[in-house]
Amino acid sequence: MGTQGFSELMARLEKLDFQKLYQDDFFLTWDKSREELDAIWVVADAIRKLREENKSTRIFDSGLGISIFRDNSTRTRFSFMSACNLLGLEVADLDEKKSQIAHGETLLETANMVSFMADVIGIRDDMYIGKGHTYQKEFADSVKRGFEEGILEQRPTVVSLQCDIDHPTQMMADSLHFAHYFGNGDMESLKGKKIAMTWAYSPSYGKPLSVPQGGIGLWTRLGMDVVLAHPEGYEDMDDVIEVAKKNAAECGGSFTVTNSMEEAFKDADIVYPKSWAPFKAMEERTELYGNGDFDGIDELEQRLLQQNAKHKDWTVTEELMKVTKDGKALYCHPLPADITDVSCKEGEVDASVFDRYRKELYAQASFKPYIIAAMIFLQRVKNPKAKLEELYKADVKRMQE
């Protein structure tokens, strides 16, 4: 994690204004102030520091974290479970196929029925444009109403574990990884760094846009030079593009869009190649599912696979990596990657490149449980600094050696 001490982290936290995070939810990074984001990064490092020193981080004696995954997941699912466990919460997974939702139970009813003992609800809903973020907000509104009407003894906080617009826990974790890689966890070390968020070829279709959108929406706030690259036809949401432009103008970095992967990689400090589906195609798929047109969905899938196949040259090779800064850019991916001749015949990245960065990729993933834990911590604890110092001084051993 680096050498920054616990007292240094507490000194940084004391200078930040983040009180609005308390008893709030977390949906989109650009809805939060820069100091609120900084507080999450500092608390994530502090919680990690506690665990590294074998100190307990339990702030709950009982309670639940409700896990709602409307799409498949490994890393984010286990990161949420790990974060809840780290703070003393048990996790209950809401499997909609086994619930009364299939029998017409309303979202208002579902949200309240699962929240009697809940302190946090993590939701991943990323597959359908215009649906995921809306579902998360409606869920949060439902538990807020339940609390205000006296049904719930406490209002659980809602954390987006990915929606159709943003992937905040992933982007926050990745940014902390960058900051430790380049500057001992200090976000100021990222100013002026060039990062290439690029599309890459995949033999599958329909991957969410929330990773590239979340990336450009956050990194433009850190004074980075952000380049979004994709073939023509793979554009992101116009609204998020405008967010990135606005952030870059206000925060001292830059934001550009190109249709050249090599141009994006040139002199880059960080490269982040990741396949995603065209925004227009995701809109079309959402409409087809809404109409129950499964033949139309099959036709769309074949059309998009053919479209992807025209861009197999959008892949990370050793030669392409050589055009990055000193030929040593940090290669990143949210995982799992489509690795050529390993997980597929042709994919996002050559096996030699992936293997060379395997340690860094796994380190990148390791930050997510701490980011989620920090989000929960700041949204449930009124005085986070005092509580963290209490945990540190108490020195209750997490594991008896």
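(A) Region of the structure containing the sheet that holds strand β9 (residues 330–331). The strand order β7-β6-β5-β8-β9 describes an open sheet built from five strands, whose pairing is parallel. Each end of this open sheet is capped by a strand with a single partner; those strands are β7 (254–258) and β9. Relative to strand β8 (residues 270–273), strand β5 (residues 194–198) is paired through four bridges, and the arrangement is parallel. Its bridge partner lying in β8, A196 is registered against V271. Across the sheet, helix α8 (residues 238–251) is in contact with β6 (225–229) and β7; its angle to β7 comes to roughly 140°.

(B) Structural detail: empty space enclosed by the protein. Under the counting rule described, the total for this entry stands at one cavity of 30 Å³ or more. What the largest cavity holds in volume is close to 40 Å³. Together, S204, Y205, G206, K207, Y234, S275, W276, A277, P278, L304 and N308 line the largest cavity. The class makeup of the residues in the lining of the largest cavity is six nonpolar, four polar and one charged.

(C) Examining the packing of aromatic side chains more closely. By the definition in use, this model includes ten aromatic pairs. For the ring pair F6 and Y392, a centre distance of 4.2 Å and an interplane angle of 10° mean the geometry is stacked. Residue F6 is found in helix α1 (residues 6–14), and its partner Y392 is found in helix α16 (residues 384–394); the two are separated by 386 residues along the sequence. Residue classification places Y392 among the partly exposed residues on the basis of a relative accessible area of 25%.

Reading guide: rules and limits
- Residues numbered from 1 in each chain as written.
- Predicted model: local features only at pLDDT ≥ 70, side-chain atom pairs only at ≥ 80, totals over all residues.
- Heavy atoms only, no water.
- Pairing = 2+ DSSP bridges.
- Helix = DSSP H or I, 4+ residues; strand = E, 2+ residues; numbered from the N terminus.
- Contact = heavy atoms within 4.5 Å.
- Axes fitted to C-alpha atoms, helices over the stretch in contact; angles between N-to-C directions.
- 1 Å grid on protein atoms, 1.4 Å probe; cavity = no way out; pocket = protein on both sides within 12 Å on 5 of 7 lines; lining within 4 Å.
- Points joined across faces, edges and corners; volume = space filled by probe spheres on them.
- Nonpolar A, V, L, I, M, F, W, Y, C, P; charged D, E, K, R; others polar.
- Phe/Tyr/Trp six-rings, centres within 6.5 Å; stacked < 30°, edge-to-face > 60°.
- Buried < 20%, exposed > 50% of the residue type's maximum accessible area, 1.4 Å probe, protein only.

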